[in-house]
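This is what each chain is made of:
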Amino acid sequence: MSEMQCAAAVLMVRPARFGYNEQTAASNEFQHRDAAHGAAAPRQALAEFDELAGRLREAGVQVIVAEDSPDPAKPDAVFPNNWLSFHADGTVVLYPMLAPNRRLECREEIIEQVRLEGGFHIGRRVDLRDHERAGRFLEGTGSLVLDRPGRRAYACLSPRTDLGVLGDFAQRLDYDPVTFDAEGPGALPVYHTNVLMALGAEFAVLCTEALPDAAQRAAVLAMLQASGREILEISMRQLRGFAGNLLELRGRGGPLITLSATAWDVLDPSQRALLERHGRILVARIPTIETLGGGSVRCMLAEIHLPRG
């Protein structure tokens, strides 16, 4: 079945106990403990979440908000795209997560809420979580940047993105995997592909500086160019500012490109103009979620590509 690149609906999970996650910090260079947020962090995160959800709805995106359960504590519940993805043939994929406390985020009632509230059809489950027992992980559309019409799954390998699990995903979902190595701040592996790369319908964002292998870098660029997308290259400094962590959706007036204020602020005028050629820009302020959680706007949105009915 042909699949559009950009969804008109998203799942968001409203966090009950947002905070700094000790279990993910070792592999996430973007995550910072910040005393300035302190005890107010959960309340601040809720305000940031509600603002983004409301503005997406105003722009014509269907937003299904699921409430996180307070117990057990799930400090990263606000990032649902890591544990599930929804596909146009009616498939739901469940993913193996590195941090034990993140595995608690996978809740059947959330999937059922999406089906019922959105009027969607779910015809198949692909559950990859058995790989957790062998210490192999693939964290959803954090690990994977999907070219849905082109059936390519881009992935930088890391402790959270295992080649074997990627192969399992690719075989079951009929994707061609495109793997590469990427280094972020401190020359450590970039923890998730979606902080250095994003795909819209007609544009692609890529931090070429993060790909140290020249042959891999050239191959990825060639594939993106062959897909007909206009390429926006970002620097390592801009990667640190979450400029690669954006998402194109379909709003009421057409393409809607959503990203954080942090990301928008680090882009230069020519880069902003490139994005503006491809859609309306929605800029959200989420400093608490970015600082303590180490993820930005794209990580908060699980696109729903399921068929209706």
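Anything mentioned here points back to the structure above.
In this text, all values refer to a predicted model and were calculated from it rather than measured experimentally. (Residues numbered from 1 in each chain as written. Predicted model: local features only at pLDDT ≥ 70, side-chain atom pairs only at ≥ 80, totals over all residues. Heavy atoms only, no water.)

Engineer: Can you explain the overall build of the protein? Please cite residues and give values.
Structural biologist: Of regular secondary structure, the protein possesses 10 helices and 15 strands. Principal-axis analysis of the C-alpha atoms gives the protein an extent of 45 × 45 × 45 Å. When burial is assessed residue by residue, the protein has 58% of its 309 residues classed as buried. Looking at the protein alone, contacts between residues at least 24 apart form 77% of all its contacts between residues at least 6 apart. Of the accessible surface of the protein, which amounts to about 11700 Å², a share of 49% is contributed by carbon and sulfur atoms. Each charge class in the protein can be summarised by its mean position, and for the 33 positive and 40 negative side chains these summaries are 3 Å apart. (Helix = DSSP H or I, 4+ residues; strand = E, 2+ residues; numbered from the N terminus. Buried < 20%, exposed > 50% of the residue type's maximum accessible area, 1.4 Å probe, protein only. Contact = heavy atoms within 4.5 Å. Areas by Shrake-Rupley, 256 points an atom, 1.4 Å probe, with all protein chains shown as cover. Lys, Arg positive; Asp, Glu negative; His and termini not counted. Charge placed at Lys NZ, Arg CZ, Asp CG, Glu CD.)

Engineer: Could you give me a rundown of the pairing of strand 8 (residues 176-180), with the residues and numbers involved?
Structural biologist: Across five bridges, strand 7 (residues 152-156) lies against strand 8 in parallel orientation. Counterpart to Tyr154 in the pairing with strand 8 is Val178. For the segment spanning strand 7, helix 5 (residues 163-173) and strand 8, crossover handedness is right-handed. (Pairing = 2+ DSSP bridges. Right-handed = clockwise from strand over helix to strand, strands pointing away.)

Engineer: Explain helix 9 (residues 269-278) to me, and be specific about the residues and the numbers.
Structural biologist: Buried residues of helix 9: Gln271, Leu274, Leu275 and His278, and no others. The buried side chains of helix 9 occupy one side of the element, clustering within an arc of 95° when seen end-on. Of the exposed residues in helix 9, the ones pointing more than 90 degrees away from its buried face are Pro269, Ser270 and Arg277. (Arc of directions from axis to C-beta.)

Engineer: Could you give an account of the sheet that holds strand 11 (residues 230-233), naming the residues involved and the relevant values?
Structural biologist: Paired through their backbone hydrogen bonds, the strands of a sheet run either parallel or antiparallel. With mixed pairing, the three strands of this open sheet are ordered in space as 9-10-11. For this open sheet the edge positions go to strand 9 (197-199) and strand 11, each flanked by a neighbour on one side alone. Averaged over all pairs of adjacent strands, the angle between their axes in this sheet comes to 15°, without regard to strand direction. Strand direction decides the pairing type here: strand 9 and strand 10 (residues 203-206), joined by three bridges, are antiparallel. Across the sheet, residue Ala198 finds its bridge partner in strand 10, namely Val205. Helix 9 contacts strand 10 and strand 11 of the sheet and is inclined by roughly 150° relative to strand 11. (Axes fitted to C-alpha atoms, helices over the stretch in contact; angles between N-to-C directions.)

Engineer: Residues and numbers for unusual backbone geometry, please.
Structural biologist: Look at the link from Asp71 to Pro72: it is a cis peptide, with omega at -5°. Unusually for a residue other than glycine, Asp174 sits at a positive phi of about 60°. Checked against the element boundaries, Asp174 lands in the loop between helix 5 and strand 8. Look at Asp174 and you get exposed, because its relative accessible area is 57%. You will see that Phe242, though not glycine, has its phi angle at about 70°, which is positive. Here Phe242 lies in the loop between helix 7 (236-240) and strand 12 (247-251).

Engineer: Any chance you could break down the pairing of strand 11 for me, citing the residues and the numbers?
Structural biologist: Relative to strand 11, strand 10 runs parallel, the two being bridged by four bridges. From the neighbouring strand, Ala204 faces strand 11, where its bridge partner is Ile231. Remark: the strand 10/helix 6 (residues 214-226)/strand 11 crossover connection has right-handed handedness.

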